[in-house]
Amino acid sequence: MSHALSAKKFIAYKRDGHEHSPDELKVWLDEFLADRVPEYQMSAWLMAVFFRGMTPKELSAWTDLMTSSGATLPRSAGAFSVDKHSTGGVGDKPSLLLLPIVQTVAGRLWGQGKVKIPMMSGRGLGHSGGTLDKLDSIPGFRSRVNRDEALKLLRDNDYVMMGQTDDLVPADRRLYALRDVTGTVESLPLIVSSILSKKMAEGLDGLVLDVKFGPGAFMATREKARELASKLVEVATLRNVKTVAWLTRMDEPLGYAVGNALEVQECIEFLSGEARDKGLYDVTVTLAATMLEIASKGSLSFEAARGEIAKELEGDRPRQSFETMVLAQGGDLKKFAESKHVAEAEYRTIEIKAPKAGWLAKAEARTLGEAGLSLGAGRERFDAQIDNWAGFRLLKKVGDQVKSGEVLCRVFFRRNIQEGPLVERLSGAFEISDESVAVLPWCAERL
Ligand code: URA
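Computed from a predicted structure; not experimentally measured. (Residues numbered from 1 in each chain as written. Predicted model: local features only at pLDDT ≥ 70, side-chain atom pairs only at ≥ 80, totals over all residues. Heavy atoms only, no water.)

Draft legend 1. Spotlight on the nonpolar core. With 82 residues, the main nonpolar core has Ile-309, Met-325, Val-411 and Phe-430 as its most contacted residues. Residue contributions to this core peak at 10 residues, all from helix α12 (residues 278–295). By size, the runner-up hydrophobic cluster in this structure holds 43 residues, among which are Leu-59, Met-66, Leu-207 and Leu-232. (Core = buried A, V, L, I, M, F, W, Y, C linked by side-chain atoms within 4.5 Å. Buried < 20%, exposed > 50% of the residue type's maximum accessible area, 1.4 Å probe, protein only. Helix = DSSP H or I, 4+ residues; strand = E, 2+ residues; numbered from the N terminus.)

Okay, structure coming up:
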């Protein structure tokens, strides 16, 4: 590929719909990573893939090549490593709850050290939040751990919550940056290889996927979400990783809170039993039970796992486990509680009220997510600053009965924003019906 003409031929080959061999793909990626294929040629090829797709053989080879483009975590001997991946949404916080829940149930059933969760998460972009930003709202929390630290935390605590290290899947970082500016993000094989290369680099034995659909999700329709989920399951399973996907809805925010620190606060309330939104409970317990079911290798059914989780959530051990994890990574929950009091005193609060009595029929996730973004709860660009306590808390969820004038949502912010347009925008996300509203299942389908 050192000769410009062969790069040109390679691109044209895909443009004309032919299949690359694994060896050709390897040379192509190696040459790009060694800066011998310029970004404009890689971009052209990505666009060719966007239109022509990849054959199953190409997708398998490309995923493996991306995975091995950097360091990987070893598969743990004598333990089952399992993680979950969510395609992201508004108020999407189960990741923070899954770890302590799975760790405590697995520890009670099978003893410490048998199930490991190397959870690698991303930052938020656009209207959808990122687990790392949520964790970083805890004073002192270090999400940037290197490979050795991650291995130590996994050895000591059975789990780690970390961001992608610089040496992990460098190919994805470079390719994603190009896709982002060349209109090639929305390509099924490129999404599948991007997501799975990062998950495969964690050395997993099992993977649970939460593929969201609806206006607040990456995949707007259930059909598109199913198509992505089934490809992800197919490719991960071929890599010897036991994989299950759930299609979950993202038409309204998940749980009560939207905003980084507000969501951590909701997770603490969830774990201590103070407040548990039904949808958040359902999605979290479904994903956690699937992780346990997979890790049990046939000895624990999904239903039995749900029962074990419900039992565990009656006690305090998941909350303690969450505290241990935060502490192990430098976080200080006391300071977090103090920062909440400071924010309560300093931030402006406005309330969105029901214009009439009835039942809440809609709390539109994308409109609410975008409003949260404008408050400072998310970032429009990769390098934008997050305002930890900015966001809102829903007091009513779809299906709830509401009185006229009752508060639907309480908004927190300190940016210099005009209240009138903000209230109008947020109010537009809610719809009240004169008749009672059926709540659709959060976890719609399992693949
Ligand atoms: N998330 C990823 O990690 N990669 C994609 O390509 C799309 C979503």
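Draft legend 2. Broad picture of unusual backbone geometry. Of note in the backbone geometry, Asp-35 takes a positive phi value of approximately 65° without being a glycine. The residue Asn-240 is not glycine, and still its phi comes out positive at about 75°. Within the secondary structure, Asn-240 is located in the loop between α10 (222–238) and β5 (242–249).

Draft legend 3. Fine view of the site of the ligand. Near the ligand, the surroundings consist of Tyr-176, Arg-179, Ile-191, Ser-194, Ile-195, Lys-198 and Phe-218. Arg-179 is positioned with one of its side-chain polar atoms (N or O) 2.8 Å from an oxygen atom of the ligand. Measuring from a nitrogen atom of the ligand, one finds a side-chain N or O atom of Ser-194 at 2.6 Å. Here the ligand has 230 Å² of accessible area as a free molecule, and 83% of this is covered by the chains. For the shell around the ligand, the elements supplying multiple residues, two or more each, are α8 (170–182) and α9 (188–200). A total of four residues in the shell around the ligand trace back to one element, the largest contributor, which is α9. Each residue belonging to the shell around the ligand can be placed in one class, and the counts come to four nonpolar, one polar and two charged. (Near = heavy atom within 4 Å. Polar contact = N/O pair within 3.5 Å; in protein donor to acceptor, adjacent residues only side chain to side chain. Areas by Shrake-Rupley, 256 points an atom, 1.4 Å probe, with all protein chains shown as cover. Nonpolar A, V, L, I, M, F, W, Y, C, P; charged D, E, K, R; others polar.)

Draft legend 4. Just the packing of aromatic side chains, in detail. Evaluated as defined, the whole model comprises eight aromatic pairs. Measuring from ring centre to ring centre gives 4.5 Å for Phe-10 and Trp-28, while their planes differ by 25°; the resulting arrangement is stacked. Highlighted residues: Phe-10 in helix α1 (residues 4–15) and Trp-28 in helix α2 (residues 22–33), separated in sequence by 18 residues. Each member of the pair, Phe-10 together with Trp-28, is buried. (Phe/Tyr/Trp six-rings, centres within 6.5 Å; stacked < 30°, edge-to-face > 60°.)

Draft legend 5. Up close: the sheet that holds β5. The strand order across the open sheet formed by six strands is β3-β2-β1-β4-β5-β13, and the pairing between neighbours is mixed. Since the sheet does not close on itself, it has two edges, and those belong to β3 (159–163) and β13 (443–446), each with one partner. This sheet shows a mean twist of 20° between the axes of neighbouring strands, independent of strand direction. Taken together, the five bridges between strand β2 (residues 115–121) and β3 define a ladder with parallel strand orientation. Within the sheet, the bridge partner assigned to Ser-121 lies in β3 and is Gly-163. On top of the sheet, α12 reaches β1 (80–86), β2, β4 (206–213), β5 and β13; it is set at about 155° to β4, its chief contact. (Pairing = 2+ DSSP bridges. Axes fitted to C-alpha atoms, helices over the stretch in contact; angles between N-to-C directions. Contact = heavy atoms within 4.5 Å.)

Draft legend 6. Region of the structure containing the pattern of salt bridges. If you walk through the whole model with that rule in mind, you get 43 salt bridges. Across the pair Arg-446 and Glu-293 runs a salt bridge whose closest N-O atoms are separated by 3.0 Å. Separated by 153 residues along the polypeptide, Arg-446 in strand β13 and Glu-293 in helix α12 bring together distant segments of the chain. One salt-bridge network, in which partners are shared between bridges, spans Arg-108, Glu-308, Lys-311, Glu-312 and Arg-317. (Salt bridge = Lys/Arg side-chain N within 4 Å of Asp/Glu carboxyl O.)

Draft legend 7. Spatial organisation of the packing of helix α5 (residues 94–110) against helix α13 (residues 302–312). With their axes 10 Å apart at the nearest point, α5 and α13 run at an angle of 105° to one another. Overall, the two elements α5 and α13 adopt an arrangement that is roughly perpendicular. Of the residues in α13, those in contact with Ile-101, Thr-104, Val-105, Arg-108 and Leu-109 of α5 are Glu-308, Ile-309, Lys-311 and Glu-312. Grouping the constituent residues of the contact of α5 with α13 by class yields four nonpolar, one polar and four charged. (Parallel < 35°, antiparallel > 145°, perpendicular 65-115°, else oblique.)

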